[in-house]
Amino acid sequence: MKKADPSHQIKIYEQNRPDDTFGFGVVFSAETLGHFRDYDEVSYDRIRETFAYWDDIVTYFKGSKVPVSGNGFCGMSRKDLLLILHQCCREVGVEMEFQREIKSLDDLDSDADMILAANGINSWVRDEYADHFKPSFDWRPNKFVWLGSTKPLPAFTFDFRENDAGIWNLHAYQYNSEMSTMIVETTEDAWLKAGMENAREEDTVAYVTELYKDLLDGHPIITNRSMWRNFPMIRCETWIKDNVVIMGDCAHTAHYSIGSGTKLAMEDAIALFECCQAESDARAALKLYDENRRDEVERTQHAADVSLSWFENVRRYWDMDPIQFNFSLMSRSKAITYDNLRLRDRDFVQAVDKSFSAEAADRYDAPHLKETPVPPMFAPMQLRDMRLSNRVVVSPMCQYCAIDGNPDDWHFSHYTSRAMGGAGLVFTEMTCVSPDARITPGCAGIWSDEQEAQWKRIVDFAHDRTDARMAIQIGHAGRKGATKLAWEGIDEPLEEGAWEIIAASPLPYLPNSIVPREMTRDDMDRVKADFVAAFERAARAGFDMAELHCAHGYVLATFLSTCTNQRSDEYGGSIENRLRYPLEVFDACRAVWPEERPMSVRISATDWVEGGTTTEDAVEFARAFKAHGCDLINVSTGQTDSSEKPIYGRMFQAPFSEQIRIEADIPTLVAGNIFDWDQVNTIVGAGRSDLVALARTHLYNPYFTQQAAAYYGVEDIVWPDQYMSAKFAAFRQYERTRLQIEELREQAKPNTQEGRTGSFVLNKASEWEMKGAAVGAAAGSRREAAE
Ligand SMILES: Cc1cc2nc3c(=O)[nH]c(=O)nc-3n(C[C@H](O)[C@H](O)[C@H](O)COP(=O)(O)OP(=O)(O)OC[C@H]3O[C@@H](n4cnc5c(N)ncnc54)[C@H](O)[C@@H]3O)c2cc1C
Ligand SMILES: Cc1cc2nc3c(=O)[nH]c(=O)nc-3n(C[C@H](O)[C@H](O)[C@H](O)COP(=O)(O)O)c2cc1C
């Protein structure tokens, strides 16, 4: 502001001395530095002269050491950063008053146009006007302490180790030629067991020195007000009040595991500057800031939430092999995926393919995979006798065009073309057990001989002519029945021709929905008998797998969720009671479904409603179905209660799948905003799901899997003889596409040549950040963030 117009008068009040700072180092990515450069070359150049640069992330995990290169970060001393910024302020005439504590807004010049309160995490400004700013504080359960050491670290270092107290996470890096910083993190339980509850700094130093004796190699641990703390995720509903704006940690925090708090604070200032350029009136500029800045901050906070959750749940990944553990760590917040890791470090991704293929080779008797590893999505999988040639699934999707529940030529063409497209498994839409079990008049059914014959025709074709296995999803719409076709009004009640609907409790889905009748025991017996008959028909039609639909608020789901089940009998109340009827139906279906064929269950792993199903409940559901013979949980979310507040994003259901897969120890299938093969490989390779379903993508692209095979050059995929002449062309075309994409991404990436040796580079800022700034920020990273 001062540089743009020297007539501005800007004063800074700081309670500390100029060189007091809490903590040790600060990390910036190439993109962040590029942003600084765009706005102030002077401070940027000085930062560049000071920082330490590294390329490798090295992870120590239970004695193993795995490096991943190509990452491009820089770190610097927090004190140096402050001193640089002070110097820049001094040069342009910004007034600074140190050792001046501001205790009230009245302490400030009353004629200021704007007051920028950036007084950190414990800000009294935010708290005094809490009724206005409406802050929320989510105190995270893990304990952490911020320390330093003279131990040189040639790479950004993670270390995960376990002692008698529990698991300890270390985030560490060197930030200048003499010093490294170390953040030590653990669970509250381990912290208590380690006797750190009332630890003084010297107790912490003694404990940490002993814990990391091998890593420290005799170097001392250094403290700087190093007390154990919990991290608060802070959010505020608004950041402005009259002429006051709160910024930085005072307004919003981002967990240290993504190293973005300082970046956010500095970019807040940049954003405010932009708003002041756009609006000459100070209050109008503040209003614009409050509106414009929110999306970017929320995106970073969301990435931080996902990342911190990984570190809080590290026990979940403890049994993974070191390569998968690292892949899970690297891809935790979705910004880094299988394909962009291939560019950063091809050897590491080859190791991912190799270890994933070797595991699949042993588990599914596929010895050739040891010789020729494939990307994770192309590893086969087997459930009972059903063998899938890859991990891609066509998700169940209603077609809403059956007449009297009969699949016709549309269904034949739709399903068989997707089977021809290479997916390992193709699901039918929700296929209803009786006419009154339909969602809409266009829903397909499996209650008649004619329907059974039509389904058999489709399944036979897929088996005879393709490599795909066929699964049928069998369901009953319950309170979501008797509604219009999707394109005429999704979930809207039929105006004519509606039938009676039933559910666990008499609660309508939408305020204007038909009120369902509460199911009696007779209804439960009839619906169960209808399910059993449907499973018998599906077995005769030749389906390889059958799924019981217990998600999305349909009849069985209404029993599972507290939002829809208000029963006072043995089918309502406790989780055991709510599971009772769905399990009874499952058992009855399992009894008639051939032993050698697998069964899956689709559940909503959260209702996205306060007080509704949580992921912990979903883990219990999965455990219960597994104990009754379920082979696979198809993990979905929501659609149970119309007041839901879902949080969408790329691959947004994968974390639910991961938790269920690991904690209930059952294979999972997940769908939800998964659009490309990179995401499929990331999810499967990192152990977040065994199978990945794509719904909408398969509507516009039946050949998704064959194209993925061509892209990665995986020759071992069944290709129809009739289309064989296109195989070579597709492989050549997609290889070219891949090379072009890789070249573009390579250009957009920081030039990390020096770092590639893995050596620690000081004062060597060269071209890399220029490229990273100009191209990376514009092309790759911002687009990813925006998504
Ligand atoms: C363990 C850990 C590691 C981190 N690592 C990174 C990282 O690598 N990269 C990164 O970008 N971020 C990192 N962060 C986050 C980063 O430290 C903060 O987000 C950042 O410091 C916020 O800047 P700020 O200016 O909002 O607040 P602060 O840095 O807290 O500054 C607030 C200032 O206000 C002053 N002040 C407070 N009250 C008053 C008053 N009443 N009167 C006058 N002055 C006052 C304080 O003395 C202080 O100087 C990390 C955080 C933690 C906890
Ligand atoms: C047109 C359409 C119909 C759907 N029908 C069903 C269905 O019958 N049964 C079901 O469980 N999910 C159904 N879904 C949900 C999908 O299976 C999937 O979970 C969801 O679309 C998210 O995947 P996507 O992001 O790849 O589209 C349907 C989705 C679409 C787009």
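Preceding this paragraph is the structure being described.
The sections below set out a description of the structure shown in this document. Just so you know, these numbers come straight off a predicted model, no measurement behind them.

1. A short note on the pairing of strand 21 (residues 469-475)
Then, number 1: Strand 21 sits mainly inside the fold: 6 of its 7 residues count as buried.
Then, number 2: Chirality of the crossover, the property in question, places the unit of strand 20 (residues 425-432), helix 17 (residues 449-465) and strand 21 among those that are right-handed.
Then, number 3: Across 4 bridges, strand 21 lies against strand 24 (residues 545-550) in parallel orientation. Paired with I472 across the two strands is A546, which belongs to strand 24.

2. Describing the sheet that holds strand 27 (residues 668-670)
Each strand in a sheet pairs with another by means of backbone hydrogen bonds, the pair being arranged parallel or else antiparallel.
Then, number 1: Pairing in this closed barrel of 8 strands is parallel, and the strands run 19-20-21-24-25-26-27-28 around the ring. Strand after strand, the sheet turns through a mean of 25° between neighbouring axes, direction not considered.
Then, number 2: As paired strands, strand 19 (residues 392-394) and strand 28 (residues 691-694) are joined by 3 bridges and run parallel to one another. Looking at the pairing, V393 lines up with A693 of strand 28.
Then, number 3: Packing against the sheet, helix 17 makes contact with strand 20 and strand 21, and its axis sits at approximately 155° to strand 21.
Then, number 4: Packed on one face of the sheet, helix 21 (residues 575-592) meets strand 24 and strand 25 (599-604) and runs near 160° to strand 25.

3. A look at the packing of aromatic side chains
Then, number 1: Applying the stated criterion across every chain yields a total of 38 aromatic pairs.
Then, number 2: Centroid distance F158 to F311: 5.7 Å. Interplanar angle 40°. Geometry classified as tilted. Of this pair, F158 sits in strand 10 (residues 156-162) while F311 sits in helix 11 (residues 294-312), and the two are 153 residues apart along the sequence.
Then, number 3: The exposure class assigned to F158 is buried, which follows from its relative accessible area of 4%.
Then, number 4: You can call F311 buried: its relative accessible area is 1%.
Then, number 5: When the ring of W239 is compared with that of Y289, the centres are 6.0 Å apart and the planes differ by 50°; the resulting orientation is tilted.

4. Describing the pairing of strand 25
Then, number 1: Most of strand 25 is tucked away, with 6 of its 6 residues classed as buried.
Then, number 2: Of the two faces of strand 25, both are covered, the one formed by M599, V601 and I603 as well as the one formed by S600, R602 and S604.
Then, number 3: Pairing geometry for strand 24 and strand 25, over 5 bridges, is parallel. Bridge pairing links A546 to M599 in strand 25.
Then, number 4: Relative to strand 26 (residues 632-636), strand 25 runs parallel, the two sharing 5 bridges. What sits directly across from S600, in strand 26, is L632.
Then, number 5: In terms of handedness, the path from strand 25 via helix 22 (residues 615-627) over to strand 26 forms a crossover that is right-handed.

The rules we used
- Residues numbered from 1 in each chain as written.
- Chains lettered and ligands numbered in written order.
- Predicted model: local features only at pLDDT ≥ 70, side-chain atom pairs only at ≥ 80, totals over all residues.
- Heavy atoms only, no water.
- Buried < 20%, exposed > 50% of the residue type's maximum accessible area, 1.4 Å probe, protein only.
- Helix = DSSP H or I, 4+ residues; strand = E, 2+ residues; numbered from the N terminus.
- Right-handed = clockwise from strand over helix to strand, strands pointing away.
- Pairing = 2+ DSSP bridges.
- Axes fitted to C-alpha atoms, helices over the stretch in contact; angles between N-to-C directions.
- Contact = heavy atoms within 4.5 Å.
- Phe/Tyr/Trp six-rings, centres within 6.5 Å; stacked < 30°, edge-to-face > 60°.

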